[in-house]
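# A look at the structure
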Amino acid sequence: MKQTQNLRSLAEIADIRTGFTFREKVEESPDNGNAHIAQIKDARSEWERTNGNDLLISQLPLIHWEGKDKAFVEPGTVLLPARGAKGSGYFRASCLMADEPSSLPVVVSSQFLIITPKKEVLPEFLCWSLNQPAIQYHLTEGAGSQGSNIVMLNTKLAGELQLEIPSLKTQHKILHLNRLREQEQQLTQALLKNRDIMLQGMFQQLLKETE
């Protein structure tokens, strides 16, 4: 990777810890839950739905939490999958976002590493950085593999990741451009979907016609 003065290790710019380890299967409680739960399936569902990096707290399932408050995770935290198949592309990071006022806390499962950036780094920018092709290639091609097809990412390995961290002003500019790119992609997908629906209707009409 090219060396520049902005190159920093993840351990220098953020605190990294593992998510909470549940001893039993997580049981969702949509009716009487008192905390949100973030699991890999929730993040992947959001990726597929929006193709964005934000993981909205209001969209996360509810559980009945009886554990300690220290397991709670604040909005603005970056979540990085801690395990995946080699070459699978399953190490996409998400940024936990509070999209509406809520008094319910969030618990993150041990399927993630919990990354809390320091003041010189915007959470959304850190998430964007971790999802850049060079970093994703490094992760999915076996940063933590030991001769198997399963990649295990721990806090030490994650902390050694080298990222380009520019000034806050530049971070804001990059995020602005990235939001425009995401909006363009969403619009393009919507147009393609509408066109497909229109064509399907035309196909059906043609099939009903008789020569």
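Each remark here, short or long, concerns the structure printed above.
Let me begin by describing the structure that accompanies this report. Predicted, not measured: the structure shown is a model, and the values here were computed from it.

Cut-offs used in this document
- Residues numbered from 1 in each chain as written.
- Predicted model: local features only at pLDDT ≥ 70, side-chain atom pairs only at ≥ 80, totals over all residues.
- Heavy atoms only, no water.
- Salt bridge = Lys/Arg side-chain N within 4 Å of Asp/Glu carboxyl O.
- Helix = DSSP H or I, 4+ residues; strand = E, 2+ residues; numbered from the N terminus.
- Polar contact = N/O pair within 3.5 Å; in protein donor to acceptor, adjacent residues only side chain to side chain.
- Contact = heavy atoms within 4.5 Å.
- Pairing = 2+ DSSP bridges.
- Axes fitted to C-alpha atoms, helices over the stretch in contact; angles between N-to-C directions.
- Buried < 20%, exposed > 50% of the residue type's maximum accessible area, 1.4 Å probe, protein only.
- Arc of directions from axis to C-beta.

### Concerning the pattern of salt bridges
Side chains that carry opposite charge are capable of pairing whenever their charged atoms lie near each other. In the structure shown here, the tally under the stated rule is five salt bridges. Between Glu160 and Lys156 there is a salt bridge; the shortest N-O distance is 2.7 Å. Here the salt bridges share partners, and the residues they tie into one network are Arg8, Glu12 and Glu120.

### Some words on the side chain of Asp42
Position of Asp42 among the secondary structure elements: in helix H2 (residues 40-50). A distance of 2.9 Å separates a polar atom in the side chain of Asp42 from the backbone nitrogen of Gln39. If we ignore the near neighbours within four places in the chain, the residues touching Asp42 are Ile37, Leu55, Leu60 and Pro61.

### Some thoughts on the sheet that holds strand E2 (residues 14-18)
The sheet built from five strands is open, its strands ordered E2-E10-E6-E8-E4 with mixed pairing. Each edge of the open sheet carries a strand with a single partner, namely E2 and strand E4 (54-56). Each strand of the sheet is rotated relative to its neighbour by a mean of 30 degrees, with strand direction disregarded. Examined bridge by bridge, strand E6 (residues 78-81) and strand E8 (residues 94-97) share two bridges and lie antiparallel to one another. In the sheet register, Val78 faces E8, and the bridge partner there is Cys95.

### Remarks on the pairing of strand E3 (residues 35-38)
On E3, burial covers both faces: Ala35 and Ile37 on one face and His36 and Ala38 on the other are all buried. Pairing geometry for E3 and strand E5 (residues 62-63), over two bridges, is antiparallel. Across the sheet, the residue bridging to Ala35 is Ile63, located in E5. Relative to strand E9 (residues 106-108), E3 runs parallel, the two sharing three bridges.

### Remarks on helix H4 (residues 133-140)
Considered for burial, the residues of H4 that qualify are Ile135, Gln136, Leu139 and Thr140. Down the axis of H4, the buried set is contained in an arc of 120 degrees. They therefore lie on one face. Exposed side of H4, more than 90 degrees from the buried face: Pro133, Ala134 and Tyr137 are the residues found there. If you follow the buried residues of H4, they end up packed against E6, helix H3 (123-130), strand E11 (150-152) and strand E12 (162-164).

### Thoughts on the environment of Phe22
Mapped onto the fold, Phe22 is located in the loop between E2 and E3. Judged by its relative accessible area of 24%, Phe22 falls in the partly exposed class. A C-alpha to C-alpha distance of 11 Å links Phe22 and Trp65, two positions 43 residues apart in sequence. Once you skip the residues sitting within four places of it in the chain, Phe22 turns out to touch Ile37, Ile63, Trp65, Val107 and Ser109.

### As for H2
Those residues of H2 that sit buried are Ile40, Asp42, Ala43, Glu46, Trp47 and Thr50. All buried residues of H2 fall inside an arc of 165 degrees around its axis, so they share one side. Every exposed residue of H2 that faces more than 90 degrees away from the buried side is listed here: Glu48 and Arg49. Buried residues along H2 sit against E3, E4, E6, E8, strand E10 (112-117) and helix H6 (168-208). Just downstream of H2, Asn51 is the residue with a positive phi angle, here 60 degrees.

### Here's the deal with the side chain of Gln39
Secondary-structure assignment places Gln39 in the loop between E3 and H2. The buried category is assigned to Gln39, whose relative accessible area is 12%. Ignoring sequence-local partners within four residues, the contact set of Gln39 consists of Val26, Glu28, Ser109, Gln111 and Phe112.

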